[in-house]
Each structure stands twice: as structure tokens, then as C-alpha cells.
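# Secondary and tertiary structure notes
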Amino acid sequence: MTDNRALRQFLRLMSASGISHLPTVTLPKLAAAPGKLLAARLKGAAPSTPQPPARNKSASQTQLLSPDRLVPNSAQRPEILESTRSLLEQTFHTAEQQADGLSKLAEAVSACKRCAELADTRRQTVFGVGNPDAEIMFIGEAPGADEDRQGEPFVGAAGKLMDKIIAACGLKREEIYICNILRCRPPGNRNPHPQEAANCREFLDGQIKIVAPKYIVVWGTVAAQNLLGESRPVGRLRGQFLQHGDAKVMCTYHPSYLLRNESAKKLVWEDMKFFMKELGIDLG
Ligand code: URA
């Protein structure tokens, strides 16, 4: 285990134990080897180091967010479920173990009633979908009506647009792991309450821990602020890589926003080119 990995594991354990005041640490640049599943695609492509210059900030100055910033506002994290705690303590060496870990976590999610309003109004929980061993994870905000009906993230209009973005990048939906900050639909598609995000956080943390993506693309301000404990809007977070645990994080606009603001599509395309360049793929 490298020193960086050990440090991150230590910080996560501290965070899970409720220790909340540690200084923000700037990490030395990670050696970014091409991922297993993208390896074939990346064959012959430029290696992802050296990093492309970030537009707002040097990519090597990725940030390790201190645990006190993981839960925004004053929302309280509930006591972690025993089943989640034991999953968070395990290591997952094979895709089968990862798939098994995710299905155990999904089972706990389907029984969750921490958010009374959401549990009362949902048709079903929407856990996550995709490759349990993905290099890339997408994180959105919360399921909408279509997702609540079908039990899968990003299957409605926003999801169709996301599918087009995925295809334009030369990726396949099945090679990505897709989930949300919340696993239940907020009634009327309102924004998640901070307490709901805090209630659902252990499930998101579990998915990140099990899938162990190298990259996370965060879609929209709500998802970005919740994942990173940030208060800046996505317009100020995009154009750089942030660090969350072992993953490099890129924030961009939510596809629902693009459906209402056609002109933002070119900004998302810029972001995706920036992201793919990090993977060694030049989209021009
Ligand atoms: N919007 C999201 O943020 N997530 C979904 O799953 C669908 C729409």
C-alpha cells in the first residue's frame, strides 16, 4: 500500500469515526495508470501523465477534502448501519466480490426508511447501475419520476441526453457505474434536503468504496456540493480535477440543466473533452 493510499484510508476511517477536524491536505500527484477496463481503448493513447493543464488551477494541485467538509450544512449523519460498516471495512478484489458487495448494499437501501417522506412517496429505491468494477463513476442528484418507475438512474429525458454525451465520448454506458446522491425520488423533483443527503451518504460512500473508480464525473451543483462538501456552484467547480478519496473528480452541468439551457451544452462538451484528455483520449 502506498503512503497516499494509507493516508486516504486513515482519513476515511477518521471520518467514519466522527472525527471531523483535520486540516485539508494537498497530495502529490497520483501516478495515473490506464484503467483495466479502458486499457484496450487507451492502448496506444497518450498516458494520462503528465496531466493536461487545468483551466482554473493546476491539475497536480488536486485537493483531498478534509472529512469535516463531507457533510454540508448542519445535517447530522445517522449512526451507520452495521451491514454498511462491515462492507466498508472489507476489501473487494474481484468483480464478483464487488457485485456481491453492491447487491448487499442495495438490499440495505431497499429497506431504508430514514427519510420518512421519501420512503412514503417512493415506488422503489434507485440504487445504481453499471459495471461494479468501473473506472468511471457518474454521480447525479436524485431519481426523478422515470427513475422511480424503472428503478434505474438516468433513464428519463436527462438520462437520454447523458447517453448521447457518453456515446459522443466514445464510451459505453455499461462500462460506467451510475448513481446519485439520493436513492429515493424527492416528491415533485425538489432538491434533496441536506438531512436526506446525510442519511443516504453511507450508501454513496459504500458504492464508491466498492466500485473504487479512478474517476468520478459529478453532474450538477447539488451533486457536486453534496459529494465534495462544497458551497461553490458547478460553474466555479468545473474546469479542474478535485480529489475525493482515491478518485479524481470532475464536475460539470447536470443534463436536466442542459435540457433547459441549450447554450450550456458547449460547456459540458468542453468539460468532457478535458475529462477524456485526462484518460489519454483527444476528442479534438
Ligand atoms: N437526475 C438525476 O440527478 N439523477 C437521475 O437518476 C435522473 C435524473
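The sections below set out a description of the structure shown in this document. The structure presented is a predicted model; accordingly, all values stated were derived computationally and were not measured. (Residues numbered from 1 in each chain as written. Predicted model: local features only at pLDDT ≥ 70, side-chain atom pairs only at ≥ 80, totals over all residues. Heavy atoms only, no water.)

## What about the site of the ligand?
Around the ligand lies a shell formed by G140, E141, A142, E147, P153, F154, N180 and H254. N180 has a polar side-chain atom sitting 2.8 Å from a nitrogen atom of the ligand. Contact distances for the ligand include 2.8 Å between an oxygen atom and a side-chain N or O atom of H254. Relative to its unbound accessible area of 240 Å², the ligand is 93% covered by the protein chains. (Near = heavy atom within 4 Å. Polar contact = N/O pair within 3.5 Å; in protein donor to acceptor, adjacent residues only side chain to side chain. Areas by Shrake-Rupley, 256 points an atom, 1.4 Å probe, with all protein chains shown as cover.)

## Observations regarding the packing of aromatic side chains
Counted by the stated rule, this structure contains five aromatic pairs. Where Y215 meets F275, the ring centres are 5.7 Å apart and the plane angle is 90°; that geometry is what we call edge-to-face. Residue Y215 is located in strand β6 (residues 215–219), and its partner F275 is located in helix α12 (residues 265–278); the two are separated by 60 residues in the primary sequence. We classify F275 as buried; its relative accessible area is 0%. One aromatic cluster in this structure is built from Y215, F241, F274 and F275. Sitting over the face of the ring of F241, K248 holds its NZ or CZ atom 5.9 Å from the ring centroid. (Phe/Tyr/Trp six-rings, centres within 6.5 Å; stacked < 30°, edge-to-face > 60°. Helix = DSSP H or I, 4+ residues; strand = E, 2+ residues; numbered from the N terminus. Buried < 20%, exposed > 50% of the residue type's maximum accessible area, 1.4 Å probe, protein only. Lys NZ or Arg CZ within 6 Å of the ring centre and 35° of its normal.)

## Quick word on the pattern of salt bridges
Tallied over the entire structure, the rule returns 17 salt bridges. Note that E202 and R114 form a salt bridge whose closest N and O atoms lie 2.8 Å from each other. Of this pair, E202 sits in helix α8 (residues 194–211) while R114 sits in the loop between α4 (95–110) and α5 (116–121); the two residues are 88 residues apart in sequence, bridging distant segments of the chain. The partner of E135 in a salt bridge is K214, and the shortest N-O contact between them spans 3.4 Å. (Salt bridge = Lys/Arg side-chain N within 4 Å of Asp/Glu carboxyl O.)

## Let's talk about unusual backbone geometry
The phi dihedral of F154 falls on the positive side, at around 50°, and the residue is not glycine. Here F154 shows up in the loop between α6 (145–150) and α7 (157–168). Classification of F154 as buried rests on a relative accessible area of 6%. Non-glycine residue A212 carries a positive phi angle of around 50°. Along the polypeptide, A212 turns up in the loop between α8 and β6.

## Considerations on the nonpolar core
I136, F138, I139, I216, L227, C251 and F275 are the most contacted members of the largest nonpolar core, which has 64 residues in total. Tallying contributions element by element places α8 first for this core, with seven residues. If sequence neighbours within four positions are ignored, C251 has contacts with V218, A224, L228, V234, L237, R238, L242 and D271. (Core = buried A, V, L, I, M, F, W, Y, C linked by side-chain atoms within 4.5 Å. Contact = heavy atoms within 4.5 Å.)

## Details of helix α9 (residues 221–228)
A large share of α9 lies buried, amounting to six of its eight residues. Buried within α9 we find V222, A223, A224, N226, L227 and L228. Buried positions along α9 lie against β4 (136–140), α8, β6, α10 (234–237), β7 (242–244) and β8 (247–252). At the C-terminal side of α9, G229 shows a positive phi close to 65°.

## With respect to the state of the cysteines
Tallied over the full model, the rule gives zero disulfides. Free cysteine C115: the closest other cysteine sulfur is in C112, separated by 6.1 Å. A disulfide-free cysteine, C184 has its sulfur positioned 6.4 Å from the sulfur of C200, the nearest such atom. (Disulfide = S-S within 2.5 Å.)

## Remarks on the pairing of β8
In terms of burial, β8 is largely enclosed, as six of its six residues are buried. The two faces of β8 match: A247, V249 and C251 on one face and K248, M250 and T252 on the other face are all buried. Across five bridges, the pairing between β6 and β8 is parallel. Note on β8: the bridge partner recorded for I216 is V249. The pairing of β7 with β8 spans three bridges and is antiparallel. (Pairing = 2+ DSSP bridges.)

## As for the side chain of R173
Among the secondary structure elements, R173 is positioned in the loop between α7 and β5 (176–180). Residue classification places R173 among the buried residues on the basis of a relative accessible area of 17%. At 3.2 Å, the side chain of R173 and the side chain of E152 are in polar contact. Setting aside its immediate chain neighbours within four residues, R173 contacts V129, E152, P153, F154, V155, G159, D163, I166 and I178.

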